[in-house]
There are 2 protein chains.
Amino acid sequence: MRALLGDAWWTDPDERLTYSYDNSRRQALPDAVALPVDAAQVQALVRACRTARVPLVPRGRATNTTGAAVPVAGGVVVSMERMDRIVDIRPGDRCAVVQPGVLNGALQQALAGHGLFWPPDPTSAAFSTVGGNLACNAGGPRAVKYGASRDNVLAITAVTGAGELVTLGTATTKGSTGYDLQRMFVGSEGTLGLIVEATLRLVPAPRDRRALRAIYRDVSSAARAVARLMAQPVTPSMLEFMDAHAVGLARHVGGADLPDDAGALLMIEADGPAAHLEADLAALREAAAGEGLVSLDSADDESARARLWAARKALSPALRTLAPGKINEDVVVPVSRIPDLVDGVQDISAAARLPIVCFGHAGNGNLHVNLMYDPADADQSARAREAMGRVFTLALQLGGTLSGEHGIGLAKRDFMPRAMGAPTLELMRQLKATFDPDGIMNPGKLLPPP
Amino acid sequence: MRALLGDAWWTDPDERLTYSYDNSRRQALPDAVALPVDAAQVQALVRACRTARVPLVPRGRATNTTGAAVPVAGGVVVSMERMDRIVDIRPGDRCAVVQPGVLNGALQQALAGHGLFWPPDPTSAAFSTVGGNLACNAGGPRAVKYGASRDNVLAITAVTGAGELVTLGTATTKGSTGYDLQRMFVGSEGTLGLIVEATLRLVPAPRDRRALRAIYRDVSSAARAVARLMAQPVTPSMLEFMDAHAVGLARHVGGADLPDDAGALLMIEADGPAAHLEADLAALREAAAGEGLVSLDSADDESARARLWAARKALSPALRTLAPGKINEDVVVPVSRIPDLVDGVQDISAAARLPIVCFGHAGNGNLHVNLMYDPADADQSARAREAMGRVFTLALQLGGTLSGEHGIGLAKRDFMPRAMGAPTLELMRQLKATFDPDGIMNPGKLLPPP
């Protein structure tokens, strides 16, 4: 390996430790770390590891929350940090060609000069990689209008677990030439192969934006407003939800300017040419209004917008005051089932005697369910795990699914048999084996052990 | 089979003849026709055919142009005409659940009452089925803003070639729960299994629309305008192109009101709330203007719009005056390569001594290349086939692909090895074998014989 990769092959214990964890706080030492610089090195690496039956675990900047980048079966962590080039930006074709290690934030900066952006905007955008975003099908608030990673990729070049270099898709916005494999690679968490280049779909940047903050008496009123907002023609560019616990936290701990009787809060944003925003905001205000609306504030400029968003931003730091530990999952349900999800989660919270705070991307029915507990307390930890299992079961019962944008990794792997029928799960296993016949690609992730 | 399907099993020669062709004008007699009424019958049928190793060829209304619905290997044509129910429309969740045999047009009518639509709008929409649209990844003019079939499906229930009933995806607009198999099913032309139900992503219907007609001195000027139109924030709801031949035909034969010196024409449309359209049209006019623009007309109401579209509508009937036979292919190239495609096609036309007329969905770089010839003339037929091969090669050289919305079927099957590397094609074969281990699902389509 050293002959192949030179200084891009590390086996020093300190280096291995650095690459042993991700944002899930799980940890496992790899046997080595590889930092390839091009597709040829990646292919040589995969072929050598295939011959030796050594696991490969791809890694961007390990901001994921599911353990997908933790080398639980040992083997080689493949860090893409040296493959961080923006290969090409083609504004007329609305696409960019990038290596997997480029940071989402660096790409957005480069695109801004062309009046374009790439839609995925996870909270981690400043320090997460495009390759990692693609591996998890990352989304963010903008997904409600512009889609998540899977909706914004045109082509992928990858080395499969079989060691083949394949190009999937073309740099065109339409295509009906055989099976759609590039979108299947998105969200596959490195279990099929290693992405070495991606052609991304870009969107012209809106010129302006305006925000509304709507406060409701209760969650059902807010959820009915979400359904009304999503059924009319002006699709909001963000539609974020906070439940009563989240609003209370933002007010009491974060000091946000919010009324006493807020049962739920929606942050609603429209973007587009300034000339449109007046009419768009009027349409969104009309849809937001209805039974249970307590107040509706608008931000007419960027500083007013920042004040409205303060409540949302105060939330994450405030959560830490509730308990030292947090399980943050991102279940999805059909928009119309949000009230059932939030109500059901509060029942689960009461039964577990642990606080659960819900907020997230209401326009997609994608809520972040934050269960707070003390990891040092074995009893609390057990109750937390059991409660999270019940949250997943609830989301599935409501016609939803386990994850909207975080992925499965280790965290939800064992719930996969509840999320789909046995034949579908078996198909996924067979498809994995097609791309990765020896099972060396990120083993133990996404699919439960047979 | 008769015990299983009762009167839904036809073996009469006249009936078999009716189901022997599609819009490609290819023909082959099936051994039987099945018309199942539910998923259980479909599953029983697939299992019986798997045991007997009998091919199954799914069929909507056979409007496809590639031969994908022609039973070239005999076996059973499975017509979905009796599974034509709209199962559910859920406006708040922006989705509809349908059986595969429902007509696209019937669905759109049902959705109109809810202020929603399903984006795919192939020319055949009035008499093509949603299942057929999904099988081919059908698009249409609206795809430039709203996407094609693959971009507008949330979940698919299908019987695989292995006889398993599987549900792929969930009725949510976001999901990161394992491999994305529902989008892989879209565009698979019945080679993986039979779709028995689909959950479709819906979009709120725009309230109004306005059209522009821009005439350019030459194709390069028009293509540069397309790139400018696609690089600014107001995405047109349609962006249709006609080359000089198409414009000449529309003028001379169709009687359209067009100037003498039109080298190319763009039909540009914006949709949205009436209050926005003035500003949107201004942005589109600004992007359409530039070197080589001859005239720019706008339609301020629906009747003026119809007059502008008359040139485009006059085109298909006018084509028939050129020659009795037509090969209509739908290659795609990156938008910036449209001039190279159109110029290259004219070189191919000159060399083949056969007229080729190009028009289509410029905003996606998806052009319909219409090669006109006399099928009764063996020499012309041979030159036509050879010329079409050169058109595919050209599109691939320009970074494009074989099909944007028609699919591969029989027509382009043998060009697949030119469109992708051998390892990618081999992956597709292996994936097909995973869904369809005995090769009974629409054999001979999409993938070339090994």
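Treat the numbers as computed from the prediction; the structure is a model and nothing was measured.

Asker: What is the right way to look at the packing of aromatic side chains in this model?
Answerer: How two aromatic rings sit relative to each other is given by the distance of their centres and the angle of their planes. Residues and elements named next belong to chain A. Tallied over the entire structure, the rule returns eight aromatic pairs over all chains. An angle of 75 degrees between the planes, with centres 5.8 Å apart, marks the rings of Phe185 and Phe435 as edge-to-face. A residue pair is termed long-range when its members are at least 10 positions apart, and Phe185 in helix H7 (residues 182-185) and Phe435 in helix H15 (residues 422-435) qualify at 250 residues. Overall, Phe185 belongs to the buried group, its relative accessible area being 2%. Taking the ring centre of Tyr21 as reference, the NZ or CZ of Arg59 above it sits at 5.6 Å.

Asker: Which parts of the structure should I look at to understand the sheet that holds strand E14 (residues 264-272) of chain A?
Answerer: In any sheet, the strands associate via hydrogen bonds between backbone groups, in a parallel or an antiparallel arrangement. Residues and elements named next belong to chain A. In space, the seven strands of this open sheet follow the order E15-E12-E14-E13-E17-E18-E16, with antiparallel pairing throughout. At either end of the open sheet lies a strand with only one pairing partner, and these are strand E15 (293-299) and strand E16 (325-329). Across the sheet, the axes of successive neighbouring strands diverge by a mean angle of 15 degrees, strand direction being ignored. Bridge count between strand E12 (residues 208-216) and E14: nine bridges; the pairing is antiparallel.

Asker: What exactly am I supposed to notice about the relation of the copies chain A and chain B here?
Answerer: Between the two copies of the chain lies a rotation about an axis combined with a shift along it. Expressed as a screw transformation, the operator carrying chain A onto chain B has a rotation angle of 180 degrees and an axial translation of 0.0 Å, and the superposed copies differ by an RMSD of 0.0 Å. The relationship between the two copies is best expressed as a two-fold rotation axis. When each C-alpha of chain A is compared by its distance to the rotation axis, A:His276 comes out closest, at 2.9 Å. In this assembly, 100% of the residues forming the interface of chain A have copies in chain B that are likewise at the interface, indicating an isologous arrangement.

Asker: Is there a simple way to think about the UniProt feature "domain: FAD-binding PCMH-type" (unreviewed entry) in chain A in this case?
Answerer: Here the UniProt feature "domain: FAD-binding PCMH-type" (unreviewed entry) sits at residues 26-205 of chain A. Regarding residues 26-205 of chain A, the helix share stands at 21% and the strand share at 26%, and the terminal C-alpha atoms are separated by 37 Å.

Asker: Help me understand the nonpolar core, please; the structure alone is not making it clear to me.
Answerer: Most often, soluble globular proteins have nonpolar side chains that are buried together. Ranked by internal contacts, the top residues of the largest apolar core, which has 180 residues, are A:Phe241, A:Leu266, B:Phe241 and B:Leu266. Once residues lying within four places of it in the same chain are set aside, the contact partners of B:Phe241 are B:Val219, B:Ala222, B:Ala264, B:Leu265, B:Leu266, B:Val342, B:Cys358, B:Phe359, B:Gly360, B:Ala362 and B:Leu367.

Asker: Help me understand the pattern of salt bridges, please; the structure alone is not making it clear to me.
Answerer: Pairing of side chains with opposite charge becomes possible as their charged atoms draw close. Under the defined criterion, the tally for this structure stands at 48 salt bridges over all chains. With a shortest N-O distance of 3.5 Å, B:Asp151 and A:Arg183 are connected by a salt bridge. Linking B:Asp151 in the loop between helix H6 (143-146) and strand E8 (153-160) with A:Arg183 in helix H7, this pair reaches from one chain into another. A residue is classified by how much of its surface remains accessible, and A:Arg183, at 12% relative accessible area, is buried. Between A:Arg337 and A:Asp340 there is a salt bridge; the shortest N-O distance is 2.9 Å. On the basis of relative accessibility, which here comes to 31%, the residue A:Arg337 falls in the partly exposed class. Taking the relative accessible area as the measure of exposure, A:Asp340 reaches 33% and is therefore partly exposed. Through salt bridges with shared partners, a single ionic network connects A:Arg150, A:Asp151, B:Asp180 and B:Arg183.

Asker: Honestly, the pairing of strand E5 (residues 86-90) of chain A in this entry has me stumped. Any pointers?
Answerer: Looking down a regular strand, the side chains alternate between one sheet face and the other. Residues and elements named next belong to chain A. Across four bridges, the pairing between E5 and strand E6 (residues 95-98) is antiparallel. When the sheet's bridge partners are listed, Asp88 is paired in E6 with Val97. Following E5, the chain reverses through four residues before pairing antiparallel with E6; Arg94 in that reversal takes a positive phi of roughly 50 degrees.

Asker: Hey, could you run me through the interface of chain A and chain B in this one?
Answerer: You'll often see interface size given as the accessible area lost when the parts meet. Contact with chain A, which involves 82 residues of that partner, is made by 82 residues of chain B. Around 6,300 Å² of area is buried between chain A and chain B when both sides are counted, 58% of it from carbon and sulfur atoms. The three residues of chain A that bury the most area against chain B are A:Lys174, A:Ser176 and A:Tyr179, which together make up 15% of that side's buried surface. Put simply, chain A and chain B have six salt bridges between them. For B:Asp180, the salt bridge goes to A:Arg150, with nearest N and O atoms at 3.3 Å.

Asker: Please explain the side chain of A:Asp271 as it appears in this structure.
Answerer: Residue and element names in this part refer to chain A. Its place among the elements puts Asp271 in strand E14. Accessibility expressed as a relative area gives 10% for Asp271, which makes it buried. A polar contact is formed between the side chain of Asp271 and the side chain of Tyr146, at a distance of 2.8 Å.

Rules used in this analysis
- Residues numbered from 1 in each chain as written.
- Chains lettered and ligands numbered in written order.
- Predicted model: local features only at pLDDT ≥ 70, side-chain atom pairs only at ≥ 80, totals over all residues.
- Heavy atoms only, no water.
- Phe/Tyr/Trp six-rings, centres within 6.5 Å; stacked < 30°, edge-to-face > 60°.
- Helix = DSSP H or I, 4+ residues; strand = E, 2+ residues; numbered from the N terminus.
- Buried < 20%, exposed > 50% of the residue type's maximum accessible area, 1.4 Å probe, protein only.
- Lys NZ or Arg CZ within 6 Å of the ring centre and 35° of its normal.
- Pairing = 2+ DSSP bridges.
- Axes fitted to C-alpha atoms, helices over the stretch in contact; angles between N-to-C directions.
- Least-squares fit on C-alpha atoms with pLDDT ≥ 70 in both.
- Contact = heavy atoms within 4.5 Å.
- UniProt positions renumbered as here; feature names shortened; annotations may be inferred.
- Core = buried A, V, L, I, M, F, W, Y, C linked by side-chain atoms within 4.5 Å.
- Salt bridge = Lys/Arg side-chain N within 4 Å of Asp/Glu carboxyl O.
- Buried area = accessible area lost by both parts, 1.4 Å probe.
- Polar contact = N/O pair within 3.5 Å; in protein donor to acceptor, adjacent residues only side chain to side chain.

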